[in-house]
Amino acid sequence: MKIYVFKRLLLLIPLLLGITLLTFSLTNALPGDPALSLVGERAQPEVIEKIRKELGSDKNIIVQYAGYLRLLLKGELGRSYYTNRKVFDDIVIKFPNTIKLALGAILIAVPIGLLLGFISAYKRNTYIDRLISSLSITGLSLPVFWSGLLIMLLLSLKLKLFPPSGTGDLRFLVMPALTLSLPAIATLARVTRTSVIEIFDMPFINTARAKGLPVMKINFVHVFKNALIPLVTVIGLDFGSYLNGAVLTETIFGWDGIGRFTMEGIIKRDYPVIMGCIMVGTVVFVLINLVMDIVYHYIDPRVRLHDSDR
Amino acid sequence: MIRGKKHLRFTVSSFHHFLSFIVTCYLLLIFTSCSSSNRLDGYVYYRLNTNPTTLDPALVVDVTGGFISAKLFNGLVKLREDLSIAPDIASKWEISKDGLTYRFELKHGVKFSNNREVKAYDFKYSFKRILDPKTRSPNTWVLEKIAGAREFMNGTAPDVSGIKVIDDYTLEIRLNEPFSPFLNLLTMIAAYVVPEEECKRWGADFSSHPVGTGPFVLKQWLPNRELVLDARKDYFGGTPKLKGMIYRIIPEDLTTITEFELGNLDIITIPASAFSRFKKDPEWNQLIASLRGINTYYLGLNCSKKPFNNILLRRAMNYAIDREKMLRTVYEGRGRIAAGPLPDVLRKWPSPPSYRYDPEKARELIKTAGFSDGFEVDFYITADQEVVDIAEVIQAYLREIGIKVKLKQLEWSAYKEAINKGEPDMFWLSWWADYPDPENFLFPLFHSSNLGAGGNRARYSNPEVDSLIEAGQHARTIKERDMYYEKVEKVIVDDAPWVFFWHRTDFTLRQPWIKNYKIHPIYSMDKGMEIGF
């Protein structure tokens, strides 16, 4: 197991190298020039030239890329062209907020999604099932910027329960987390329904019933455990994408996360910020995948790692 | 079998853990929520729609950064309410007869927030810092009229010969040639004084640890969240009436309005989308303040290539669009019609004869120009919804007179690059005053030495205009200067390198408990000294 984890982590290095190369060439291929955005509305061409030189953006792209790699080897992510702040320091501030938001969303989405899915499956083909199904389709198709504003109007302006925007403790977290969780609740409910129905029809459930096991035990142990496998995939993927930032939700609720930071970097052609965020995002995704694989190992004997992998 | 059992127990217990964890989380959530706002007493709350990029006067180019820098720093001189020049750190100044040498006497006892007194040397250091290529300042143009500045910037001279420290409280600045708005330049953020020891101590991080002479100090800056400024008790210009100011960074307009309605913000600039709503509301209507902004919105016509290198077509464009109707409808009356490039606020003479909506005349001009079959142009715009709306109306007006307009929407930095290079036939842009002087709307925008990124994006070039602008820059008296500017404005309007649209008026909304609120025509004028509860 340890060796397996180590191997997977080792794979991160070539992966990151590939990602840096890809993002570096893509951002450089974009139209727009950081030096131009930096100088404002009035600048002599020689000033722009000087700033390009200072930023190093006048050099050949391969030289620039090599320079960036050297920086990475030193364990740095560089400084933002605009704020002159260290990208790493900013990510250290913003990433915990993103984790908070992602955790909040998952904590709301998982129990509600599972519950709705279970109910749907039990009441299969009744009006309750249909109601939940149509609700989850609505949840999936609602755009975040709309549902977010609606939630804000209701919970904040009308009911005065939560502050409309800001980054901070749980009070600030509820509304963005709720907004972000809506599509996830919908997906989870649908996936749960399908997999629970599938398991109901399995022979081992009949056996369990025939054995006279209590209904709760059948539901929680046999059904739940087996339904968990596809759910872990969905939860993991959702969580991974939340950790890479939720630009719209963060913008509406003024949440200071990685998504807004990346977006601003892209708009301003702030290359060090873009690169830094994507690097961190990649690492996070790889780690989440790894954790998911390990979780599979525990919940599903069929995909249990072989001795040769350990 | 045994293994399976173990596994089963693991799942059940972990499920229980999971369940209790979730329940705890929800309980926590309920207990910690449901509290009212947590405002600090004595602080005024403002909204910023974006994080200021920097607070270092040498590097500030954005309005947001400038707005806050102005509260942390001071310059030699500042602007009065009527836009004339007033002493700031300098107590008085003398200008030599030839208009080349400026001698400033400094006030005694002006202190940086690190408690050190400001001396003449600090200004020399601050100005040199801007000009030093290592600083990477985009604002070198503010000071490059000083003798020896160019040589210092190019590295051919170790010092700026034109800045002399006579004694601790006397500073002398010599220019290369007379430049009438020079004192105006010195009111800008870039000419603020900074302490050498703090700049050296923080290096690139001075931006987030600014130390200046201003009435406020930066207490905390959480990027993308908020900035907290605390009032100083030992500010040389008096004591602010507030304990401090808090700038909350809220990107979304609707969120801002919600925050304002809940009383979490004290003053907001009214977003365009909510303007008519607040204006119609009798309660809020009295709390709206308006400001005639020093800016010009224009449709730039690329004079350097076909078809708009033809003056007749450019004039035709000015006749073809009903700007007054657009201002009333699309723009909801949030501005004043522009007669020429200069904002009405800065024009001390009668407005130049302007163009009125006359599609017949436009068609005639197009015919005379030999384009009776019409023609096609590329119109570059940004993705801003307001701009898109305006562009579509312009497109419709031009279709009426046989011009087919192809809209090209670009993301901001790509847009800027394209118009700097002179790619489009027409583009939509605005110019906001750096300092309130007509020169700021003439030299960068119409002088042929500033083609492209320098400001002259219509690529307009007329030797007569060049020499008139220069004559105005070198003029000794205001009367003489105004004469040149009046003349040059007439020529520019006649040559029509732009369609002159309007000057935007901004509207702010405040809470009833805010007292002595004033809205200033130039953001750097607001030091936050009057406002209180």
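Computed from a predicted structure; not experimentally measured.

Q: Before we move on, can you summarise the domain arrangement of chain B with the specific residues and values?
A: Residues and elements named next belong to chain B. We note that the domain assignment places domain 1 (11-52 + 211-291 + 507-525), domain 2 (63-200) and domain 3 (293-506) within chain B. Summed over both partners, the interface of domain 1 with domain 3 comes to about 860 Å²; 63% of that surface belongs to carbon and sulfur atoms. In this assembly, domain 1 and domain 3 are joined by zero salt bridges. The interface formed by domain 1 and domain 3 includes three residue pairs in polar contact (both at pLDDT 80 or more). Breaking the side of domain 1 that touches domain 3 down by element, the ones donating at least two residues are α8 (275-280), β12 (288-292) and β18 (498-510). No other element matches the three residues that β12 contributes to the side of domain 1 that touches domain 3.

Q: Let's hear about the interface of chain B and chain A: which residues, and what values?
A: Between chain B and chain A, the contact holds 71 residues from the first and 63 residues from the second. Summing the contributions of chain B and of chain A, the shared interface buries around 5,900 Å²; its carbon and sulfur component is 57%. When the area that chain B buries against chain A is broken down by residue, the three leading residues are R136, N224 and R225 of chain B, summing to 12%. Scanning the region where chain B abuts chain A turns up three salt bridges. Put simply, R269 of chain A and E411 of chain B hold a salt bridge, and the shortest N to O gap is 2.7 Å. Counting the contacts that link chain B with chain A gives nine residue pairs in polar contact (both at pLDDT 80 or more).

Q: I'd love a proper account of the pattern of salt bridges, names of residues and values included.
A: One pass over the structure, following the stated rule, counts 41 salt bridges over all chains. The salt bridge involving R52 of chain A is made with E49 of chain A; its shortest N-O contact spans 3.0 Å. Within this pair, R52 of chain A and its partner E49 of chain A are both found in helix α3 (residues 45-55), separated by three residues, close to a single helical turn. Across the salt bridge formed by K404 of chain B and E376 of chain B, the nearest N and O atoms sit 3.9 Å from each other. Taken together, the residues K404 of chain B in strand β16 (residues 403-410) and E376 of chain B in strand β15 (residues 375-382) connect sequence positions 28 residues apart. Judged by its relative accessible area of 43%, E376 of chain B falls in the partly exposed class.

Q: Explain the domain arrangement of chain A to me, using residue names and the numbers behind them.
A: Residue and element names in this part refer to chain A. With domains assigned, chain A is organised as domain 1 (2-73) and domain 2 (87-309). Residue-level contacts link 21 residues of domain 1 with 18 residues of domain 2. Summed over the three residues of domain 1 that lose the most area to domain 2, namely Y4, R8 and T27, the buried surface amounts to 28% of that side. On the surface where domain 1 and domain 2 come into contact, there are one salt bridge. The partner of R8 in a salt bridge is D293, and the shortest N-O contact between them spans 2.5 Å. For the pair domain 1 and domain 2, the interface holds two residue pairs in polar contact (both at pLDDT 80 or more). If you list the elements that add at least two residues to the side of domain 1 that touches domain 2, you get α1 (2-29), α2 (34-39) and α4 (61-73).

What counts, and at which threshold
Residues numbered from 1 in each chain as written. Chains lettered and ligands numbered in written order. Predicted model: local features only at pLDDT ≥ 70, side-chain atom pairs only at ≥ 80, totals over all residues. Heavy atoms only, no water. Domains from an automatic or database assignment. Buried area = accessible area lost by both parts, 1.4 Å probe. Salt bridge = Lys/Arg side-chain N within 4 Å of Asp/Glu carboxyl O. Polar contact = N/O pair within 3.5 Å; in protein donor to acceptor, adjacent residues only side chain to side chain. Helix = DSSP H or I, 4+ residues; strand = E, 2+ residues; numbered from the N terminus. Contact = heavy atoms within 4.5 Å. Buried < 20%, exposed > 50% of the residue type's maximum accessible area, 1.4 Å probe, protein only.

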